[in-house]
Amino acid sequence: MSSVTLVEYLFTRLRQLGVRSLHGVPGDFNLRLLDYVEPTGLRWVGNANELNAGYAADGYARIKGVGALITTFGVGELSAINAVAGAFAERAAVVHIVGTPSRETQDQRQLVHHTFNDGEYRRFAQMASHVTVAQTRLWDPQTSPAQIDEVLQQCLRHSRPVYIEIPVDMVDQPVLVERLGRPLRLSQLPPVSCSNVVLARIFKRMYSAKRPVIVVDGESRPMGILEQLQRFITTTQWPFWTTAYGKGLLDETTSNCHGVYRGRFDSPEVQAYVNGADLVLYFGPHLSSSNTISCSAIPKDEVAIYISDTEVRFGQEVFRDVPAQHLLSHILEGLDVQKVGSDNAHQRLPRLSSLTLSDVAGPSPITQDRLWRLLAGYLRPGDIVLGETGTAGYGVREMALPCHSRVFTPVTWLSIGYMLPASQGAALAQRELMMADEYQGIRDARTILFIGDGSFQMTAQELGTIIRLGLNVVVFVINNDGYTIERCIHGRQQAYNDITSWRYLQAPQFLGGGDEVYTASARDWDELGGILTTDQLWNGCGLRMVEIVCDREDAPSGPLVEYLQRQNSV
């Protein structure tokens, strides 16, 4: 019976799952692993450091479904663990592969580098167990293929990171190829006895509702229900809002989309409408305080039905083992549209809109109360928009999106600096999908990053990877002289919210770019208008970078400052 090496087996499985690129950093315990990357048809990205590699693998996974990261044992994996933890919190399916010392070295408890010098080799795996949904240690060639398959299935099922240890002497071990002929598929859970009861209760609530509302949250993506959910919203024509985590997952150009619901920080008319709903169908709940605006966007129990991966909750009553995909398919099949009502009063509610240059023309300073709606007018279908934790992360929530766009906003983990490496991973995944004609027929989409100056300084090195890979990324650095988002929370005039002032537009050249990298800076609306009408910015290729200078205390419009100040007391 034919065989392949253990690492060839693993890499082939990743290719079968759609992974085409591996992020990471070389280290002495993973070098033999890396010898097999290109021969198995994968691309080695090679990031500036392991933390950036983890962020990039996360961004790649959120676009393609699965991403992969390779680090070395100990120091490498611990550098990446913050990124893996964020992927766990926000449900990105990242496969973390760790090259470890040989089995003999570990068995003999040798005192080698990258350890605590005490012969204990299991501590790092124990740390990883808290931020991954499944872990495995490949120690026996006979059982390793089955172990790999099981862990990868757990990664897919839960859309969360997994951890795979490969000792250096296991890399070349032959394993049987037989299992590779059977694709990894997730078996569907059979419907439980309560499924029909749940379905009947949902239909009863739907048919009796006079003012129904739909909320789309971000876990709808890993649940795999987006196509069904779009059909459901189109069929019912019920008004829907999203959370920040859910923004961009469905078509926002429809008349029944009303943007991100901000709870008690939303407009009075929107609050009145949502609070007056007699039914709230809440899909993919992710009820962290930051995603639900200090929990104020969570509906009342008596009107809410929450639909999660395998649970349906009516207020506080929980029905388990009801798969969301199964449930939604039966809702769509059995729905009697003639019995579905709505008061249509939502049509009078405000909706997201864009501004034009004529709305902001003049030499006055740029302010974020109008900036985001202006920039929204330059988005096109298929663009991936990333708003870094900070004022940018709140600003992108105000942007009206074209169809087939995606948005990354701060959700729960809120690790500043994440979005720059994530834009590298997302842009790479976007390019791979467009090249394979698997991107809604779109071939000219871009990845657009909005990031504050403080966050940019955290992970700026990853611009070099974007340049080296020739990725189509537009970066807007919102230079407001420090940690403005922290100033909004506390310490408005405190020195701890100050940062070193960089010459941001020189970064591309320092990090490997040449004269072909378009850069520009704007301090007022007229300067920005001239930049935004430049063809090279929007229709060029490779990295383009624009610095937008704002006042150090400027923030997006709305009740953002009040909300952030309240956060300080939580």
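Every value quoted in this text rests on a predicted model; they were computed, and no experiment measured them.

Rules and cut-offs
Residues numbered from 1 in each chain as written. Predicted model: local features only at pLDDT ≥ 70, side-chain atom pairs only at ≥ 80, totals over all residues. Heavy atoms only, no water. Helix = DSSP H or I, 4+ residues; strand = E, 2+ residues; numbered from the N terminus. Rg over C-alpha atoms; globule rule 2.2 N^0.38 Å. Buried < 20%, exposed > 50% of the residue type's maximum accessible area, 1.4 Å probe, protein only. Contact = heavy atoms within 4.5 Å. Core = buried A, V, L, I, M, F, W, Y, C linked by side-chain atoms within 4.5 Å. Domains from an automatic or database assignment. Expected span 1.5 Å × (residues − 1). Pairing = 2+ DSSP bridges. Axes fitted to C-alpha atoms, helices over the stretch in contact; angles between N-to-C directions. UniProt positions renumbered as here; feature names shortened; annotations may be inferred. Phe/Tyr/Trp six-rings, centres within 6.5 Å; stacked < 30°, edge-to-face > 60°. Polar contact = N/O pair within 3.5 Å; in protein donor to acceptor, adjacent residues only side chain to side chain.

1. Quick notes on the overall build of the chain
Counting secondary structure elements, the chain contains 22 helices and 21 strands. In summary, the chain has a C-alpha radius of gyration of 24 Å against a globular reference of 25 Å for 570 residues, a match within 12%. Each principal axis of the C-alpha atoms in the chain carries an extent, and together these give about 70 × 65 × 45 Å. Within the chain, the fraction of its 570 residues that count as buried is 58%. Considering only intrachain contacts with a sequence separation of at least 6, the fraction spanning at least 24 residues in the chain is 77%.

2. With respect to the nonpolar core
Counting 39 residues, the largest nonpolar core has F408, F456, L463 and V475 as its most contacted members. Contributions of two or more residues to this core are made by α3 (50–64), β16 (384–387), α15 (419–435), β18 (447–452), α17 (462–469), β19 (473–479) and β21 (543–549). At 9 residues, α15 tops the list of elements feeding residues into this core. When residues of this core are assigned to domains, at least three fall in each of domain 1 (3–176) and domain 3 (357–568). Every residue in contact with F408, bar those within four places of it in the chain, is listed here: G59, R62, I63, I384, V385, L386, G387, Y418, M419 and A426.

3. Section: helix α7 (residues 144–158)
With 15 residues, α7 should cover 21 Å at 1.5 Å per step; its first-to-last C-alpha distance of 21 Å lies within 8% of that length. Tucked into the core, α7 has its buried residues touching α1 (6–16), β5 (94–100), β6 (134–137), β7 (162–167) and β8 (174–176). Where α7 terminates, the next one or two residues include S159, which has phi positive at roughly 50°.

4. Some thoughts on the sheet that holds strand β13 (residues 304–307)
The strand order across the open sheet built from 7 strands is β11-β10-β9-β12-β13-β14-β15, with neighbouring strands paired in mixed fashion. This sheet does not close on itself; its edge strands, each paired only once, are β11 (257–260) and β15 (317–320). Mean inter-strand twist for the sheet, computed between neighbouring axes without regard to direction, equals 15°. Relative to β11, strand β10 (residues 240–242) is paired through 2 bridges, and the arrangement is parallel. Among the inter-strand pairings, T242 is bridged to a residue of β11, identified as V260. The strands touched by helix α10 (residues 226–236) within the sheet are β9 (212–216), β10 and β12 (279–283), with β9 carrying the most contacts at an inclination of about 160°.

5. Description of the UniProt feature "binding site: Mg(2+)" (unreviewed entry) in the chain
Within the UniProt annotation, "binding site: Mg(2+)" (unreviewed entry) is assigned to D453, N480 and G482. Note on placement: D453 falls in helix α16 (residues 453–459).

6. Considerations on the packing of aromatic side chains
A full pass over the atoms with the stated rule returns 19 aromatic pairs. Between F203 and Y207 the ring centres are 5.6 Å apart and the planes differ by 5°, which places this aromatic pair in the stacked class. With F203 and Y207 both in helix α8 (residues 195–208), this residue pair falls 4 residues apart, about one helical turn. Relative accessible area serves as the criterion here: at 12%, F203 is assigned to the buried category. Classification of Y207 as partly exposed rests on a relative accessible area of 24%. Considering the side-chain rings of Y378 and W538, the 5.3 Å spacing of their centres and the 10° angle between planes classify their relative orientation as stacked. In this pair, Y378 is assigned in the loop between α13 (368–376) and β16 and W538 in helix α21 (residues 535–539), connecting sequence segments 160 residues apart.

7. Things to note about the pairing of β15
Here strand β14 (residues 311–314) pairs with β15 via 4 bridges, running antiparallel. Bridge assignment links R313 to a residue of β15, and that residue is V318. Between β14 and β15, which pair antiparallel in sequence order, lie 2 residues; one of them, G315, sits at a positive phi of approximately 60°.

8. Brief notes about the environment of E462
Turning to its location among the elements, E462 is positioned in helix α17. Taking the C-alpha atoms as reference points, E462 and I97, 365 residues apart in sequence, are found 21 Å from one another. When sequence neighbours within four positions are dropped, the list of residues in contact with E462 reads N47, A48, N52, L420, P421 and Q424. Only 3.4 Å separates the side chain of E462 from the backbone nitrogen of A48, close enough to count as a polar contact.

9. Things to note about the sheet that holds β18
With parallel pairing, 6 strands are arranged side by side in an open sheet as β17-β16-β18-β19-β21-β20. On the outer flanks of this sheet lie β17 (406–408) and β20 (518–522), each paired with one strand and no other. With direction set aside, neighbouring strand axes in the sheet form an average angle of 15°. The pairing of β16 with β18 spans 4 bridges and is parallel. Each bridged residue has a counterpart across the sheet, and for G387 the counterpart in β18 is F450. On the sheet, α15 packs against β16, β17, β18 and β19 and is oriented at approximately 180° with respect to β18.

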